[in-house]
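Residue strings, one per chain:
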Amino acid sequence: MSASGDSQRLASAKDNQKSARLAVGGKDIDLPIYQGSIGPDVIDISHLYQETGCFTFDPGYTSTASCESKITYIDGEEGILLYRGYPIDQLAENGSFLETCYLLLYGELPAKSELEDFEQRVTMHTMVHEQMNRFFTGFRRDAHPMAIMVGVMGALSAFYHDSTDITDPMQREIAAIRMIAKLPTIAAMAYKYSIGQPFVYPRNDLDYASNFLHMCFAVPCDKYESDPVLAAAMDNIFILHADHEQNASTSTVRLAGSSGANPFACISAGIACLWGPAHGGANEAALRMLEEIGTVDRIPEYVKRAKDKDDPFRLMGFGHRVYKNYDPRAKIMQQNCHEVLEAVGADTDPALLVAIELERIALEDDYFVERKLYPNIDFYSGITLRALGFPTSMFTVLFALARTVGWIAQWREMIEDPDQRIGRPRQLYTGPKERPYVPVTERG
Ligand code: SDX
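Conventions and cut-offs
Residues numbered from 1 in each chain as written. Predicted model: local features only at pLDDT ≥ 70, side-chain atom pairs only at ≥ 80, totals over all residues. Heavy atoms only, no water. Helix = DSSP H or I, 4+ residues; strand = E, 2+ residues; numbered from the N terminus. Rg over C-alpha atoms; globule rule 2.2 N^0.38 Å. Buried < 20%, exposed > 50% of the residue type's maximum accessible area, 1.4 Å probe, protein only. Pairing = 2+ DSSP bridges. Near = heavy atom within 4 Å. Polar contact = N/O pair within 3.5 Å; in protein donor to acceptor, adjacent residues only side chain to side chain. Areas by Shrake-Rupley, 256 points an atom, 1.4 Å probe, with all protein chains shown as cover. Nonpolar A, V, L, I, M, F, W, Y, C, P; charged D, E, K, R; others polar. Salt bridge = Lys/Arg side-chain N within 4 Å of Asp/Glu carboxyl O.

Trainee: Now, about the overall build of the chain: what can you tell me, with residues and values included?
Mentor: Along its length, the chain carries 19 helices and six strands. Since a compact globule built from 444 residues should have a radius of gyration of about 22 Å, the 24 Å found for the chain is in line with a globular shape. When the backbone C-alpha atoms are referred to their principal axes, the chain occupies close to 75 × 65 × 55 Å. Burial statistics for the chain: of 444 residues in total, 48% are counted as buried.

Laid out in structure tokens, this is it:
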């Protein structure tokens, strides 16, 4: 952070300046403490190395605030999630995904006319360049849809040169609208390609979630009407996944963006990071786990494995880096799951029965209680998405589709920060000290 930089940016956080005193190498230094609007205070260590010659050490950043943000707030102890101050359950219950997109991007809930205008702008960008279709044919049919998403999102920077200049606010805006609009089309194309069916064009007369279901499940030879209950559930799932503070994939997008990379390349990096089973890939892994367990009587064997330090098996969809209480999204996801299963007549899905019993057993087991391991958003989402008709390989694609607006909002907040600089963490080096080169003829 530049010396002059922190004044205007953190003025509000510095009103009642407190400081932390650190004694290092016989020298006492005072580190400013800033207070946010809610949540933990932060200790500004940006001058620590300059003043002490030391770095801080925090692998996994469990105690590190990487930025100042006004977008999403999580209280892991209380199980609270706010998008621009609005509780996730109120947004999920009363709003739409495009309303949430507007809120995350611009900071306020839209008036009716603003929402209609935003919906229209998104609708007008749902088609992809026709040549994009040929891009898909380079992939094997059995390619994982996430591999396709990483590639196609990055390739958008090759198709849309007029929105890659990140210094131009207009180009940042058009890139944001394009990605929010085109992600459903690209995700549906990845699905259609994987099952050998023709791509289905977007329709301007359908809402965002209905249009997505139509592009995924319509076929040219039959009439397709998406079920409004399922479309509402899909829209709700997008709201729950839209943003989540500085998680691994969002931090990836911010770090990529800090170098000045174009927005399509940054979002492609976010998709790649989300794919991991410890992160967004957990919804796919959680359902595979429930299917592997198969029946309720086999649950104790898996709970035993999850507790065994010598066994790499973990309960997928359980635990969270931040939530040490119930993930507020998981509660809504569970309710969503029951509604969808009832609507499709699958409320006796064995995976659901295993999930409910596994949750009950785990929440009574000291191992999970002591470690504050609760179901997270991925625990029930897989069952719901399968009931909506998606194959397991598409689950993380749907997560990426929804999270793109959060990544974009966080990326824009960083780009528009006047003090923004390239991210460059340091390290604790424990490798060999300097040593002379030995010619290969003299090596043992
Ligand atoms: C998402 O960050 C975000 O916000 C992410 C996300 C978002 O919206 O962006 O919320 C989406 O990624 C949700 C999380 C999805 N991942 C999974 O469901 C995978 C299964 N969960 C675990 O891999 C794990 O819980 C993590 C990765 C989610 C969190 O890991 P932490 O915080 O590093 O926890 P830890 O590894 O330090 O675990 C603490 C203890 C350990 O035991 P001890 O060494 O203390 O004896 O709990 C144990 C762990 O072994 N533990 C588990 C467990 N998760 C942690 N044991 C069994 N099953 C689990 N799932």
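The rest of the description comes next.
Trainee: Before we move on, can you summarise the pairing of strand E4 (residues 72-75) with the specific residues and values?
Mentor: Bridging between E4 and strand E5 (residues 80-83) involves four bridges; their strand directions are antiparallel. Across the sheet, Ile74 pairs through a bridge with Leu81, a residue of E5. Linking E4 to E5, which pair antiparallel, is a turn of four residues; within it Gly79 sits at a positive phi near 65°.

Trainee: Tell me what's going on with the sheet that holds E5, and back it up with residues and numbers.
Mentor: Reading across the sheet, the three strands line up as E4-E5-E6 and stay open at both edges, with antiparallel pairing between neighbours. Across the chains shown, the open sheet's two edge strands, defined by having one partner strand only, are E4 and strand E6 (86-87).

Trainee: Go over the site of the ligand, please, and point to the residues and values.
Mentor: Near the ligand, the surroundings consist of 25 residues, among which His244, Leu315, His320, Arg329 and Arg403 are the closest. Here an oxygen atom of the ligand and a side-chain polar atom of Lys309 are 3.0 Å apart. Contact with the protein chains covers 78% of the free accessible surface of the ligand, which is 1100 Å². A per-class count over the shell around the ligand returns ten nonpolar, seven polar and eight charged.

Trainee: Talk me through unusual backbone geometry; I want residue IDs and the actual numbers.
Mentor: You will see that Tyr61, though not glycine, has its phi angle at about 55°, which is positive. Its location among the elements puts Tyr61 in the loop between helix H2 (48-52) and E4.

Trainee: So, the pattern of salt bridges: which residues are in play, and what are the values?
Mentor: Applying the stated criterion across every chain yields a total of 24 salt bridges. Across the pair Lys70 and Glu68 runs a salt bridge, and its minimum N-O distance is 3.3 Å. Residue classification places Glu68 among the partly exposed positions, given a relative accessible area of 25%. In this structure, Glu413 engages Arg254 in a salt bridge whose closest nitrogen and oxygen atoms are separated by 2.7 Å. With Glu413 in helix H19 (residues 395-415) and Arg254 in helix H11 (residues 248-257), this residue pair connects regions lying 159 residues apart in the sequence.

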